[in-house]
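For reference, the chains in residue letters:
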Amino acid sequence: MKNIFEDYGYSKFDVENRIIDCWNNIFDKANPNHFYFDAGDGMGYIEDTGNDDVRTEGMSYGMMMAVQMNRKDIFDKIWKWVKTYMYLDSGPNAGYFCWSNQPDGKKNADGPAPDGEEYFALTLFFAAKRWGNGDGIFNYTEQARSILRTAIHGESKMWFEENHHIRFVPNCPFTDPSYHLPHFYEIFAECADKCDSSYWKAAAKASRQYIAKACHPETGLAAEYADDDGKPLPPKSHGTFFSDAYRVAANIAVDSLWFGQTKELSEIAGKIIKFFDGKEMYELKDYMVDGRPLKKNARHPVALIATIAQAAAAVEPGNRACAERAVRRFWETPMRTGRRRYYDNCLYFFAVLALSGKYVKY
């Protein structure tokens, strides 16, 4: 895959060191900023340090990082923790995973957040391709297929049946634009139950179309939560450009890297980069999707800088100059320290992997 950092003059040695530093910052217990923890009995977990809990979002992110870095030991530890403490084995959400647990394993909820299930399924398929299947919970392929089977055929469906749009939570009437991962669905079409292949192909097409509708025509910004037509929910109901929404740019980038550019989505990536061009970290705010700044500063400014830079992987040649500035701003931005570091540093690491050509489709 293309190494965008090297295209902009960064040495292969420096890029490799940045990747290693990112991994150590998250997973090395000797690093004061780490937020991966071993938990005994062959388990481990990623802590959301901003909320003092363990989320399917972070656990699935940790599994993606582990499979990309060829760390089966860490991958299996996280997956065993997920299956031991997060799995829901009864009720309408049986077959899914509790979206939030305490670090000791106690559940904080009785339902899932679908972005976790999406990432679990994809990382399990990747693990099967990279390392092969084992037994029981380490039969990665069957575990992934089971998740997706439940998601579209179970009692509490995660996707709108009529248009293949993912829901914010099962049976919910609205969605989260950053949950739309067409590049994942392309792989699901290849690896999930054969009878569902056409469903996932349709979902990939529908989600690319949805992202184009959900992003503002001038700024490229999407809301955290939006209705099924792409219209942002009211501002007080997360209908603004806030933390979840940063991931839309990153998702467009990875879709482009794995399956080629889509004109409408490449244009959105360019609009996002242009909107933030020249803005320093201290200037970053929460925004209405039309670009009007709100009073609060961005809660996760490092994550925002990372995802803007990652969008450089999807832009058309005419946006190269501002894309390069976005990448250089990101390169010069260190990983976050302090209580809120979890979300920022997860998205930071994914951006480094994508821009270095190391975010691989297996």
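Just so it is clear, the model here is predicted, and its values are computed rather than measured.

Counting 127 residues, the largest nonpolar core has Met-59, Tyr-185, Trp-200, Phe-276 and Phe-330 as the members making the most contacts within it. What Tyr-185 contacts, discounting residues up to four positions off in sequence, is Glu-118, Trp-159, Ile-166, Tyr-179, His-180, Trp-200, Ala-203, Ala-204 and Ser-207.

This part takes up the state of the cysteines. Across all of its chains, the model carries zero disulfides by this definition. In this structure Cys-195 is not part of a disulfide, and its nearest cysteine sulfur, from Cys-191, lies 14 Å away. The exposure class assigned to Cys-195 is exposed, which follows from its relative accessible area of 64%. Of all cysteine sulfurs in the structure, the one in Cys-215 sits closest to Cys-322, which takes part in no disulfide; the separation is 16 Å.

Glancing now at the pattern of salt bridges. As enumerated under the stated definition, the model contains 23 salt bridges in all. Measuring nitrogen to oxygen at the nearest pair gives 2.6 Å for the salt bridge that ties Asp-193 to Arg-149. With a gap of 44 residues between them, Asp-193 in the loop between helix 7 (182-191) and helix 8 (197-214) and Arg-149 in helix 6 (residues 140-153) connect regions that are remote in the sequence. By relative accessible area, which is 17% here, Asp-193 ends up buried. Of the charged contacts in the structure, one is a salt bridge between Arg-336 and Asp-344, with a shortest N-O distance of 3.0 Å. The class for Arg-336 is partly exposed, based on a relative accessible area of 21%. Beyond isolated ion pairs, a larger network of salt bridges with shared partners links Glu-57, Asp-115, Asp-244 and Arg-247.

With respect to the helices, strands and loops of the structure, Tyr-246 is situated in the loop between helix 8 and helix 9 (247-259). The class of Tyr-246 is buried, set by a relative accessible area of 1%. Measuring from C-alpha to C-alpha, the distance between Tyr-246 and Ala-306 comes to 9.0 Å, with 60 residues separating the pair along the chain. The contact partners of Tyr-246, leaving out residues within four places of it in the chain, are Phe-241, Asp-286, Ala-298, Arg-299, His-300, Ala-303, Leu-304, Thr-307 and Tyr-343.

With burial as the criterion, each face of strand 2 (residues 43-46) is covered, one bearing Met-43 and Tyr-45 and the other bearing Gly-44 and Ile-46. For strand 1 (residues 36-40) and strand 2, the ladder comprises four bridges, and the chain directions are antiparallel. Counterpart to Tyr-36 in the pairing with strand 2 is Ile-46. Taken together, strand 1 and the strand that follows it, strand 2, pair antiparallel across an intervening segment of two residues, in which Asp-41 is found at a positive phi of about 55 degrees.

What follows concerns the side chain of Asp-176. By the element assignment, Asp-176 lies in the loop between helix 6 and helix 7. Buried within the structure, Asp-176 lacks any salt-bridge partner; its nearest side chain of opposite charge belongs to Arg-247, at an N-O separation of 4.1 Å. Only 2.8 Å separates the side chain of Asp-176 from the side chain of Ser-178, close enough to count as a polar contact. Ignoring any residue separated from it by four or fewer positions in sequence, one finds Asp-176 in contact with Phe-168, Glu-224, Tyr-225, Asp-244 and Arg-247.

Okay, the packing of helix 3 (residues 56-68) against helix 5 (residues 114-131) next. Describing two packed helices takes the angle between their axes plus the distance from one axis to the other. Remark: helix 3 packs on helix 5, axes separated minimally by 9 Å, with the N-to-C direction vectors making an angle of 20 degrees. As the angle between them shows, helix 3 and helix 5 are arranged roughly parallel. Regarding helix 3 and helix 5, the two cross each other, and that crossing is left-handed. Residues Thr-56, Glu-57, Met-59, Ser-60, Tyr-61, Met-63, Met-64, Ala-66, Val-67 and Gln-68 of helix 3 touch helix 5, and the partners they reach there are Asp-115, Gly-116, Tyr-119, Phe-120, Leu-122, Thr-123, Leu-124, Phe-126, Ala-127, Arg-130 and Trp-131.

A separate point is the environment of Leu-233. Its place among the elements puts Leu-233 in the loop between helix 8 and helix 9. In the structure, Leu-233 is positioned 83 residues away from Thr-150 in sequence and 28 Å away in space, judged by C-alpha atoms. Setting aside anything within four residues of it in sequence, one finds Leu-233 in contact with Phe-174, Tyr-225, Ala-226, Asp-227 and Gly-239.

We now examine the side chain of Asp-286. Within the secondary structure, Asp-286 sits in strand 5 (residues 285-287). Lys-296 provides the closest opposite charge to the buried, salt-bridge-free Asp-286, at an N-O distance of 6.1 Å. Not counting residues up to four positions away in its chain, the partners in contact with Asp-286 are Phe-241, Phe-242, Tyr-246, Arg-292, Pro-293, Leu-294, Lys-296, Asn-297, Ala-298 and Arg-299.

Moving on: the packing of aromatic side chains. In the structure shown here, the tally under the stated rule is 45 aromatic pairs. Measuring from ring centre to ring centre gives 5.4 Å for Phe-27 and Tyr-36, while their planes differ by 40 degrees; the resulting arrangement is tilted. Taken individually, Phe-27 and Tyr-36 each receive the classification buried, so the pair is uniform in this respect. The interplanar angle of 75 degrees and the centroid separation of 6.5 Å between the aromatic rings of Phe-138 and Tyr-140 together place this pair among those described as edge-to-face.

The rules we used
- Residues numbered from 1 in each chain as written.
- Predicted model: local features only at pLDDT ≥ 70, side-chain atom pairs only at ≥ 80, totals over all residues.
- Heavy atoms only, no water.
- Core = buried A, V, L, I, M, F, W, Y, C linked by side-chain atoms within 4.5 Å.
- Buried < 20%, exposed > 50% of the residue type's maximum accessible area, 1.4 Å probe, protein only.
- Contact = heavy atoms within 4.5 Å.
- Disulfide = S-S within 2.5 Å.
- Salt bridge = Lys/Arg side-chain N within 4 Å of Asp/Glu carboxyl O.
- Helix = DSSP H or I, 4+ residues; strand = E, 2+ residues; numbered from the N terminus.
- Pairing = 2+ DSSP bridges.
- Lys, Arg positive; Asp, Glu negative; His and termini not counted.
- Polar contact = N/O pair within 3.5 Å; in protein donor to acceptor, adjacent residues only side chain to side chain.
- Axes fitted to C-alpha atoms, helices over the stretch in contact; angles between N-to-C directions.
- Parallel < 35°, antiparallel > 145°, perpendicular 65-115°, else oblique.
- Left-handed = near helix turned anticlockwise from the far one by under 90°.
- Phe/Tyr/Trp six-rings, centres within 6.5 Å; stacked < 30°, edge-to-face > 60°.

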